[in-house]
Amino acid sequence: MRADRLLSILLLLQAHRQLTSRELARRLEVAERTIHRDMEALSAAGIPVVAERGARGGWSLLGEYRTNLTGFNEAEVQSLFVIKPPRLLADLKLEKAAERALLKLLAALPSIHRRGAERARQRIYVDVTGWHRPEEAVPLLPVLQEAIWLERKLHFTYQGGVGCNAIERLVDPLGLVAKGSVWYLVAAVGGEVRSYRVSRVQNAKLIEEPCACPAGFELAAYWEQSAAKFKANLPRYHATIRARPDIVHRLSFGGRFARIEEMGQPDKGGWVPVSLRFDVEEMACEYALSFGPAIEVVEPESLREKVLEAAKIVAALYTREASKGVTG
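What counts and how
Residues numbered from 1 in each chain as written. Predicted model: local features only at pLDDT ≥ 70, side-chain atom pairs only at ≥ 80, totals over all residues. Heavy atoms only, no water. Helix = DSSP H or I, 4+ residues; strand = E, 2+ residues; numbered from the N terminus. Buried < 20%, exposed > 50% of the residue type's maximum accessible area, 1.4 Å probe, protein only. Phe/Tyr/Trp six-rings, centres within 6.5 Å; stacked < 30°, edge-to-face > 60°. Axes fitted to C-alpha atoms, helices over the stretch in contact; angles between N-to-C directions. Parallel < 35°, antiparallel > 145°, perpendicular 65-115°, else oblique. Left-handed = near helix turned anticlockwise from the far one by under 90°. Contact = heavy atoms within 4.5 Å. Nonpolar A, V, L, I, M, F, W, Y, C, P; charged D, E, K, R; others polar. Pairing = 2+ DSSP bridges. Expected span 1.5 Å × (residues − 1).

Engineer: I'm lost on the side chain of Glu23 in this one. Help?
Structural biologist: With respect to the helices, strands and loops of the structure, Glu23 is situated in helix H2 (residues 21-28). Looking at Glu23, the relative accessible area reads 17%, which means it is buried.

Here it is in structure tokens:
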């Protein structure tokens, strides 16, 4: 609705002081000409919106104009009261503050919205952890958070993966990202933005020097692009199998590294063709062996041969052990 959009424009200008027509159009998912018409409507309603031309120009509110807007709808209220992941809030030492803030907001809400808020709080819970993911210790997270709040440079030692040497870094901290229950520090080093797993950060300390943020940097946009690039660069090994119908529902749980890409129609015998993706051939071989005679590798031929050879070795092992038991 247009009224909601006008309200959103006013809130965005209050929060960001100045935004271009292009940026407003992108955030509100409308055309720039729609933004221009909305600005005319706001101006006609007595809202002091002004436009500044030039490379650094954009729309803004005149002077220190502010308005208190409390027109929450029911969905907006409920979204605020959905329980946030307590582990992440605890990591940031914000779980008590979040609880107090919700209580204050609940007390300030009109009675018509309180029931919906309480219902969202009691009926929806977000758990971002996996079943088998070990929890990581992040004792230095408060130090990183402080560096971000104070916009100060940060010096730390970083221990990479297994077999990697520890390295020292002087960075401009830009933000923190929680991926599931794992925390990452996003920071600029020599003008290049990188991500660091917080559990691997050691000896972190603030430096008495202001940090510099790259022009136009947005944390959410960077993380989305970084995650997409990471996924695109993962090793990929494709295989096609045929699965017995009674175990098809178990294929997704047969191995954490197996990804089902396509599932075809059953053949005359009821067996289902399935296209799978793995990181490497060894994972595909282990996956095929784990289902025994319930699946058959169709292609590639090299994987069929590898599974057959491995099956022979397993059979020979058990044959030897059985013969030892008989002779013993």
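Engineer: How should the packing of aromatic side chains be read in this particular structure?
Structural biologist: Aromatic ring pairs are defined here through the distance separating the ring centres and the angle between the ring planes. A full pass over the atoms with the stated rule returns seven aromatic pairs. With centroids separated by 5.1 Å and ring planes inclined at 80°, the aromatic side chains of Tyr158 and Tyr196 adopt a geometry described as edge-to-face. Of this pair, Tyr158 sits in strand E4 (residues 152-158) while Tyr196 sits in strand E7 (residues 192-197), and the two are 38 residues apart along the sequence. According to the relative accessible area criterion, Tyr158 is buried, its value standing at 11%. Tyr196 gets classed as buried once you look at its relative accessible area, which sits at 4%. An aromatic cluster is present here, built from Phe156, Tyr158 and Tyr196 joined pairwise through their rings.

Engineer: Explain the packing of helix H4 (residues 74-81) against helix H7 (residues 111-123) here, please?
Structural biologist: With their axes 8 Å apart at the nearest point, H4 and H7 run at an angle of 40° to one another. Our classification of the angle between H4 and H7 gives oblique. Here the hand of the crossing between H4 and H7 comes out right-handed. On H7, the residues touching Glu74, Val77, Gln78 and Phe81 of H4 are His113, Gly116, Ala117, Arg119, Ala120 and Arg121. Along the lines of polarity and charge, the residues of the contact of H4 with H7 split into four nonpolar, three polar and three charged.

Engineer: Sorry if this is basic, but what is going on with the sheet that holds strand E9 (residues 237-243) here?
Structural biologist: Adjacent strands of a sheet form backbone hydrogen bonds with each other and so pair up, either parallel or antiparallel. The strand order E10-E11-E9-E12 describes an open sheet built from four strands, whose pairing is antiparallel. The open sheet has two edge strands with one neighbour each: strand E10 (259-263) and strand E12 (295-299). Direction aside, neighbouring strands of the sheet carry axes that sit 35° apart on average. Sheet topology note: the E9/strand E11 (residues 272-278) ladder contains seven bridges and is antiparallel. Bridge pairing links Thr240 to Ser275 in E11.

Engineer: Whenever I open this one, helix H1 (residues 2-16) confuses me. Can you help?
Structural biologist: Residue pairs spaced three or four apart in an α-helix point in one direction, given the helix's 3.6 residues per turn. The end-to-end C-alpha distance of H1 is 21 Å, a good match for the 21 Å that 15 residues give at a rise of 1.5 Å each. Turning to H1, its buried residues are Arg5, Leu6, Ile9, Leu10, Leu12, Leu13 and Gln14. Check the buried side of H1 and you find it contacts strand E1 (18-19), H2, helix H3 (32-44), strand E2 (49-52) and strand E3 (58-61). Downstream of H1 by one or two residues, Arg17 has phi in the positive range, about 65°.

Purely geometric stuff here, so don't read any function into it on its own.
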